[in-house]
Amino acid sequence: MRALSRSLKALTLPDVPSALARLGTAASRYLEGVRGITGGQGIMLPLGGNCRPGTVYLVGAGSGDVELLTLKAARLLMQADAVVYDRLVGDEVLALIPVGRERYYVGKARGHHSVPQAEIGELLVRLAGEGKSVVRLKGGDPGVFGRMGEELAALAEAGIPAEIVPGITAASAACAGMGIPLTDRGHAQQLRFVTAQQCRADGTPDWAALARRDETLVFYMGLAKVSAICAGLRSAGLPDDWPMMLVANASLPGQQALVGTLADMPARLAAEPLPSPCVIMVGSVVRMVEASPASLEHRSRHETTP
């Protein structure tokens, strides 16, 4: 919970006592005595606005680290009447929800959906129709492979107003944790996000279009398809030694990574299995990991204990 402490101290709450009354025990412990943070020239960081009754807020929970949650997302979580959340939302983020507020878990895992997508839409419509302010909390960014479009369609059909609050997507968090950029003028002038799920009728991506040397490819939901990705890109012309990186649990204390090539990554993964969620990055920017002073692994080698 130390990370939560640092995050919450960055929030300016105009009325701390009433905010404490609304928060759960775990979160409120860290808000006691907090009066916000003062920047240069005495400027206070404001957190304004209130949840609107009958509105659904599609909110990105970020990559997992509570300190990467946006201030707006944190405020909405503290104010909403009901929160509908996914599997990848961490406990420290959920601790921001006040005790007594309605919570609905609708998480999905590979091969198992706790609640069908259509029912999630119906739930959002029902809660907002009851006059409640609703936060639909999704891991990462709600607009990146988060099925947000289907939920927006359900809300639009029912005439329910909505607002989108973006979050830090796993690709950004993974690259930050490994100390490299997603794009670099010497390596990649393009960036492409790809779902590794079968999104075409024949289930086969256009490998020829993906096998470029001037871009960074990021595959989401592809841990079980690493071998197919490597084989497809190699068959389309990328060299065997083309860099590849897998990052699991990006931004969290348990982040794990494998760095290799298209030729050797399947064997590396078999020898050192990674957990889900995991993002896959392909491109020459991966070569920057070894020398980066910003990687978690590099920092861990140089940290000292007081």
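The rules behind each value
Residues numbered from 1 in each chain as written. Predicted model: local features only at pLDDT ≥ 70, side-chain atom pairs only at ≥ 80, totals over all residues. Heavy atoms only, no water. Helix = DSSP H or I, 4+ residues; strand = E, 2+ residues; numbered from the N terminus. Buried < 20%, exposed > 50% of the residue type's maximum accessible area, 1.4 Å probe, protein only. Contact = heavy atoms within 4.5 Å. Areas by Shrake-Rupley, 256 points an atom, 1.4 Å probe, with all protein chains shown as cover. Salt bridge = Lys/Arg side-chain N within 4 Å of Asp/Glu carboxyl O. Phe/Tyr/Trp six-rings, centres within 6.5 Å; stacked < 30°, edge-to-face > 60°. Lys NZ or Arg CZ within 6 Å of the ring centre and 35° of its normal. Axes fitted to C-alpha atoms, helices over the stretch in contact; angles between N-to-C directions. Parallel < 35°, antiparallel > 145°, perpendicular 65-115°, else oblique. Left-handed = near helix turned anticlockwise from the far one by under 90°. Nonpolar A, V, L, I, M, F, W, Y, C, P; charged D, E, K, R; others polar. Polar contact = N/O pair within 3.5 Å; in protein donor to acceptor, adjacent residues only side chain to side chain. Pairing = 2+ DSSP bridges. Core = buried A, V, L, I, M, F, W, Y, C linked by side-chain atoms within 4.5 Å.

Caption draft 1: Highlighting the overall build of the protein chain. Secondary structure assignment for the protein chain yields 12 helices and 12 strands. Burial analysis of the protein chain (306 residues in total) assigns 46% to the buried set. Residue pairs at least 24 apart in sequence account for 68% of intrachain contacts in the protein chain once pairs closer than 6 positions are excluded. Only carbon and sulfur atoms are counted for the fraction: they give 53% of the accessible area of the protein chain, which is about 14,800 Å².

Caption draft 2: Geometry of the pattern of salt bridges. Considering all chains together, one arrives at 13 salt bridges under this definition. Among the ionic pairs, R136 bridges to D86, the shortest N-O distance being 2.9 Å. Of the two residues, R136 sits in strand β6 (residues 134-138) while D86 sits in the loop between β2 (82-85) and α5 (91-94), which places them 50 residues apart along the sequence. Classification of D86 by relative accessible area gives buried; the value is 15%. For E102, the salt bridge identified is with K132, shortest N-O distance 2.6 Å. Here E102 is found in strand β3 (residues 102-105), whereas its partner K132 is found in the loop between α6 (117-129) and β6, with 30 residues between them in sequence. A relative accessible area of 26% places E102 in the partly exposed class. Among the residues examined, K132 registers a relative accessible area of 18% and is labelled buried. It is possible to trace a salt-bridge network through shared partners that takes in D86, R136, K138 and E151.

Caption draft 3: Just the packing of aromatic side chains, in detail. Scanning the model with the defined rule gives three aromatic pairs in all. Ring pairing ties together the aromatic residues F145, F193 and Y220, which thus form one cluster. The ring of W242 is capped by R213, whose NZ or CZ atom sits 5.8 Å from the centre of that ring.

Caption draft 4: Highlighting the packing of α6 against helix α7 (residues 148-158). Viewed as axis vectors pointing N to C, α6 and α7 meet at an angle of 45°, and their least axial separation amounts to 9 Å. Taken as axis vectors, α6 and α7 run oblique relative to one another. Of the two possible hands of crossing, α6 and α7 adopt the one that is right-handed. Across from Q117, I120, G121, L124 and V125 in α6, the residues of α7 making contact are E150, E151, A154, L155 and A158. Looking at the contact of α6 with α7, its residues break down into six nonpolar, two polar and two charged.

Caption draft 5: A look at the side chain of E163. Take E163: it is sitting in strand β7 (residues 162-165). For E163, the side chain forms a polar contact with the side chain of R52, separated by 3.2 Å. If near-sequence neighbours (up to four positions away) are discounted, E163 is found in contact with R52, V56, Y57, L58 and K72.

Caption draft 6: Structural detail: the sheet that holds β2. Taken in spatial order, the five strands of this open sheet run β3-β2-β6-β1-β7, and their pairing is parallel. A single partner strand is all that each edge strand has here, and the edge strands are β3 and β7. For this sheet, the mean inter-axis angle between neighbouring strands, taken without regard to orientation, is 20°. Strands β1 (56-60), β2, β3 and β6 of the sheet are contacted by α6, whose axis makes an angle of about 155° with β6.

Caption draft 7: A look at the nonpolar core. Counting 24 residues, the largest nonpolar core has F219, L233, M244, L246 and V282 as the members making the most contacts within it. Those elements that place two or more of their residues in this core are α9 (207-210), β9 (215-220), α10 (226-235), β10 (243-248), α11 (265-271) and β12 (278-282). Element by element, the count of residues in this core is highest for α10, at four residues. Of all hydrophobic cores here, the second largest spans 22 residues; its members include A73, L76, L96 and L137.

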